[in-house]
Amino acid sequence: MPGPAALAPLRDLAVAVVTAAAGTARRMQAGVGGVGTKSTPTDVVTAADRAVERQVVAALRAARPDDAVRGEEYGTAGAADAEVAWVLDPIDGTVNYLYGLPHYAISLAAEVGGVPAVGVVHEPVSGRWWTAVRGGGAFADGRRLAGSRVTDLGQALVGTGFAYAAATRRRQAAVLATVLPAVRDIRRLGSAATDLCLAAEGALDAYYESGLAPWDLAAGGLVAAEAGLRVTGLAGEPAGAAMVVAAPPALHGPLHDLLLAARAEGAAA
């Protein structure tokens, strides 16, 4: 894995590409159209999701033609075995976007040799940026991040999210019924990438969610990890579709054990 200085050009390219794409997302939001559905009738995709993805893929391929780009809407462009692969969620929080709510983000990560190396998350409405380079720390608008200082799970504000399928939501609701009495409160903002970044800066004390796709996790997960959070699955598994737990070390163990007791590892099945 290259060091932070060698990875900085990838981060700078990601910021430039996402800046341009954010303009497209904001221009299209007022008259958002081309709304369709994917996995369920509540899992929406808009013309803006597609337009932003096409724009980002074109910009990355123009700048680095040997790289691959894996996007949520169109799959992989470029060689599947490329050394550098970009992972893109063009609009994370599409339901918020559709309803005119501000909590949506563009999430772009670069993997080197299959390992997340650069992560950039940007909220076009608030103008906020979160960036991370492996081994170089995580930053929000230029400020280095170090997560929450809360050490008591009972005083922790915990972020989470829910799937689109009704049966999965029922299982997630059962997990939530166990978690909610054990924490200060729960927040569901609607963008996993943003939630991970808010946990990285301590605006949320911790975060968990099952059912995340790679593009939901890649950039925000690196931001959280570089801020010093533990980002894992359950029972020794890596963070992934089954579960993501992101929390400072003092909170990670208690939250992990609570989720394990609630059988949360099966909630996304």
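Residues numbered from 1 in each chain as written. Predicted model: local features only at pLDDT ≥ 70, side-chain atom pairs only at ≥ 80, totals over all residues. Heavy atoms only, no water.

Q: Even after reading the chapter, I still don't get unusual backbone geometry, so can you show me in this structure?
A: Most peptide bonds adopt trans geometry, and most residues besides glycine take a negative phi value. Backbone geometry at Asp141 places phi at a positive 50°, although glycine is not the residue there. Along the chain, Asp141 falls in the loop between strand 9 (137-140) and strand 10 (143-144). You can call Asp141 partly exposed: its relative accessible area is 47%. Its identity as a non-glycine residue notwithstanding, Arg263 has a phi of 60°, on the positive side. Looking at the secondary structure, you find Arg263 in the segment after helix 7 (249-261). (Helix = DSSP H or I, 4+ residues; strand = E, 2+ residues; numbered from the N terminus. Buried < 20%, exposed > 50% of the residue type's maximum accessible area, 1.4 Å probe, protein only.)

Q: Whenever I open this one, the packing of helix 5 (residues 192-201) against helix 6 (residues 214-226) confuses me. Can you help?
A: Between two packed helices, the angle of one axis relative to the other and the distance separating the axes together describe the packing. Two numbers describe how helix 5 lies on helix 6: the axes approach to 8 Å, and their chain directions differ by 5°. Relative to helix 6, helix 5 is oriented roughly parallel. Counting all contacts with helix 5, which are made through Ala192, Ala193, Leu196, Cys197 and Ala200, the residues of helix 6 involved are Asp216, Leu217, Gly220, Gly221, Val223 and Ala224. (Axes fitted to C-alpha atoms, helices over the stretch in contact; angles between N-to-C directions. Parallel < 35°, antiparallel > 145°, perpendicular 65-115°, else oblique. Contact = heavy atoms within 4.5 Å.)

Q: Can you help me understand the sheet that holds strand 7 (residues 115-122) in this one?
A: Pairing between the strands of a sheet comes from backbone hydrogen bonds, and it takes one of two forms, parallel or antiparallel. An order of 4-3-5-6-7-8-9-10 is seen for the eight strands of this open sheet, with the pairing classed as mixed. Taken across any chain shown, the strands that pair with only one partner, and hence form the sheet edges, are strand 4 (75-77) and strand 10. Inspection of the sheet shows strand 6 (residues 105-112) paired to strand 7 by seven bridges, in the antiparallel sense. Looking across to strand 7, one finds that Glu111 is bridged to Pro116. Contacts from helix 1 (residues 4-29) reach strand 5 (84-92), strand 6, strand 7 and strand 8 (129-133), with the element oriented near 35° to strand 7. (Pairing = 2+ DSSP bridges.)

Q: It is not clear to me how the pattern of salt bridges should be interpreted in this structure. Could you clarify?
A: When charged atoms on two side chains of opposite charge get close, those side chains can pair. Tallying each qualifying case throughout the model produces six salt bridges. The partner of Arg128 in a salt bridge is Glu201, and the shortest N-O contact between them spans 3.0 Å. Taken together, the residues Arg128 in the loop between strand 7 and strand 8 and Glu201 in helix 5 connect sequence positions 73 residues apart. By relative accessible area, Glu201 is classed as buried at 18%. The shortest N-O distance in the salt bridge between Arg187 and Asp185 comes to 3.1 Å. (Salt bridge = Lys/Arg side-chain N within 4 Å of Asp/Glu carboxyl O.)

Q: Just to check I follow, could you spell out the environment of Ala30 for this structure?
A: The residue Ala30 is located in the loop between helix 1 and strand 1 (36-37) in this model. Ala30 sits in the exposed class, given a relative accessible area of 80%. The sequence separation of Ala30 and Tyr97 amounts to 67 residues, and the corresponding C-alpha distance is 9.5 Å.

Q: Explain the side chain of His256 to me, please; I cannot follow it from the model alone.
A: Within the secondary structure, His256 sits in helix 7. A distance of 2.9 Å separates a polar atom in the side chain of His256 from the backbone nitrogen of Ala235. In this structure His256 touches Gly233, Leu234 and Ala235, once residues within four positions along its chain are discounted. (Polar contact = N/O pair within 3.5 Å; in protein donor to acceptor, adjacent residues only side chain to side chain.)

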